[in-house]
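Here is how the chains run, residue by residue.
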Amino acid sequence: DDQIERERASQHLSGGCCALAAIYLMGKFYVANAGDSRAIIIRNGEIIPMSREFTPETERQRLQFLALLRPELLGKEFTHLEFPRRVQPKELGKKMLYRDQDMNGWAYKKIEENDLKFPLIFGEGKKARMMATIGVTRGLGDHDLKVFSSNIHIKPFLSCFPEVRVYDLTQYEHCPDDVLVLGTDGLWDVTNDKEVAGVVMEVLTSYEPNDPCRYTMVAQELVVRSRGVLKERGWRLANDKLGSGDDISVFVIPLGGPGNYT
């Protein structure tokens, strides 16, 4: 993240990205995730999550706590409190559900003038945004990102620190059909873990266990199915729903070799 900031000044580069890394050291996989990409292990048909997405919804309390500590970051345009919907001026003095950085559930509060500001976190699911700007809360770069038509910087709320999960390969006997799948949000926006596991097993069984290209073909198939087919109404999946409109990058990494196959 520091390097990107230096390049911003020296090479006039801007922008940012999420990061998902898998490192193998002394019999263990270390999976580090900063952003909304995802990693899963598929072992003997079982799905083992190796990351979680960092979005305004999943990191609500961290974001609200930072805004509480440093209200100047909100630029007098946002409130760190969350409401089920946008508060209207006519609702001043009335009670509405809300939650703050210490709350998992909801409680009632009397609506005040300050509550009319736009909420720091607004929307649900893929539509959730922080400061009405960005839908991911960890990653690298984005040092110049600001709220539209304002001088409010987003970067203080974006963490470059990943969450790391560890998987010990020595605890299990892995066959060639056991894999680690790394994918960007373009894959997971339209495909869930179970569907990915189904594609993995479907493609792998059509190749010999010692054929190294079988893993590349799985990754290719996952990309193709998530993108869909171009039709008159745009890119469509097999179920006729919209295909992924985001970047789709996929790695499929085997956890066991032919020598382990039974």
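Here is what the cut-offs are and how they apply
- Residues numbered from 1 in each chain as written.
- Predicted model: local features only at pLDDT ≥ 70, side-chain atom pairs only at ≥ 80, totals over all residues.
- Heavy atoms only, no water.
- Pairing = 2+ DSSP bridges.
- Helix = DSSP H or I, 4+ residues; strand = E, 2+ residues; numbered from the N terminus.
- Axes fitted to C-alpha atoms, helices over the stretch in contact; angles between N-to-C directions.
- UniProt positions renumbered as here; feature names shortened; annotations may be inferred.
- Expected span 1.5 Å × (residues − 1).
- Buried < 20%, exposed > 50% of the residue type's maximum accessible area, 1.4 Å probe, protein only.
- Arc of directions from axis to C-beta.
- Contact = heavy atoms within 4.5 Å.
- Polar contact = N/O pair within 3.5 Å; in protein donor to acceptor, adjacent residues only side chain to side chain.
- Phe/Tyr/Trp six-rings, centres within 6.5 Å; stacked < 30°, edge-to-face > 60°.

Student: Please clarify how the sheet that holds strand S4 (residues 38–43) should be interpreted in this entry.
Tutor: Strand pairing in a sheet relies on backbone hydrogen bonds. The paired strands run either parallel or antiparallel. Across the sheet, which stays open at both edges, the four strands sit in the order S5-S4-S14-S17 with antiparallel pairing between neighbours. The sheet is open, and its two borders are formed by strand S5 (46–49) and strand S17 (250–254), each paired with just one other strand. Averaged over all pairs of adjacent strands, the angle between their axes in this sheet comes to 20 degrees, without regard to strand direction. Across five bridges, the pairing between strand S14 (residues 179–183) and S17 is antiparallel.

Student: Could you clarify how one ought to interpret the UniProt feature "domain: PPM-type phosphatase" (unreviewed entry) in the protein chain in this entry?
Tutor: What UniProt calls "domain: PPM-type phosphatase" (unreviewed entry) maps, in this numbering, to residues 1–255. Between the end C-alpha atoms of residues 1–255 there is a gap of 30 Å, over a span that is 20% helix and 26% strand.

Student: Can you walk me through helix H5 (residues 213–227) in this structure?
Tutor: It helps to recall that an α-helix has 3.6 residues per turn; residues three or four apart then point in one direction. With 15 residues, H5 extends 21 Å between its outermost C-alpha atoms, agreeing within 8% with the 21 Å of an ideal straight helix rising 1.5 Å per residue. For H5, the set of buried residues is Arg-214, Tyr-215, Val-218, Ala-219, Leu-222 and Ser-226. Summarising the axial view, the buried residues of H5 lie within an arc of 145 degrees, below the 170-degree limit, and thus occupy one face. Elements in contact with the buried residues of H5: S14, helix H3 (185–188), helix H4 (193–204) and S17. Gly-228 occupies a position one or two residues after H5 and carries a positive phi of about 90 degrees.

Student: Where do I start with the sheet that holds strand S3 (residues 28–34) in this structure?
Tutor: In space, the three strands of this open sheet follow the order S2-S3-S13, with antiparallel pairing throughout. In this open sheet, the two edge strands, each paired with only one partner strand, are strand S2 (19–25) and strand S13 (163–168). When the angles between neighbouring strand axes are averaged without regard to direction, this sheet yields 15 degrees. Inspection of the sheet shows S2 paired to S3 by seven bridges, in the antiparallel sense. Following the sheet pairing, Ala-22 is matched in S3 by Val-31.

Student: I would appreciate a short explanation of unusual backbone geometry in the present structure.
Tutor: Note on backbone geometry: most residues besides glycine have negative phi, and most peptide bonds are trans. For His-12, which is not a glycine, the phi torsion comes out positive at approximately 55 degrees. If you trace the backbone, His-12 turns up in the loop between helix H1 (2–10) and strand S1 (16–17). Of note in this structure, Ser-149 is not a glycine but carries a positive phi near 60 degrees. Considering the arrangement of structural elements, one finds Ser-149 in the loop between strand S12 (140–141) and S13.

Student: Sorry if this is basic, but what is going on with the side chain of Asp-115 here?
Tutor: Within the fold, Asp-115 resides in the loop between strand S8 (107–110) and strand S9 (118–119). Taking relative accessible area as the criterion, Asp-115 reaches 3% and is therefore assigned buried. Engagement of the side chain of Asp-115 in a polar contact is seen with the side chain of Lys-109, the distance being 2.6 Å. A distance of 2.9 Å separates a polar side-chain atom of Asp-115 from the backbone nitrogen of Glu-112. Excluding anything up to four places from it in sequence, Asp-115 contacts Leu-81, Phe-83, Val-87, Lys-109 and Lys-110.

Student: Where do I start with the packing of aromatic side chains in this structure?
Tutor: Working definition: an aromatic ring pair is given by the centre-to-centre distance plus the angle between the planes. Within the structure shown, the criterion is met by four aromatic pairs. Measuring from centroid to centroid gives 5.2 Å for Phe-118 and Phe-122, while their planes differ by 55 degrees, and the two rings are tilted. Taking relative accessible area as the criterion, Phe-118 reaches 23% and is therefore assigned partly exposed. With centroids separated by 5.9 Å and ring planes inclined at 10 degrees, the aromatic side chains of Tyr-167 and Tyr-172 adopt a geometry described as stacked.

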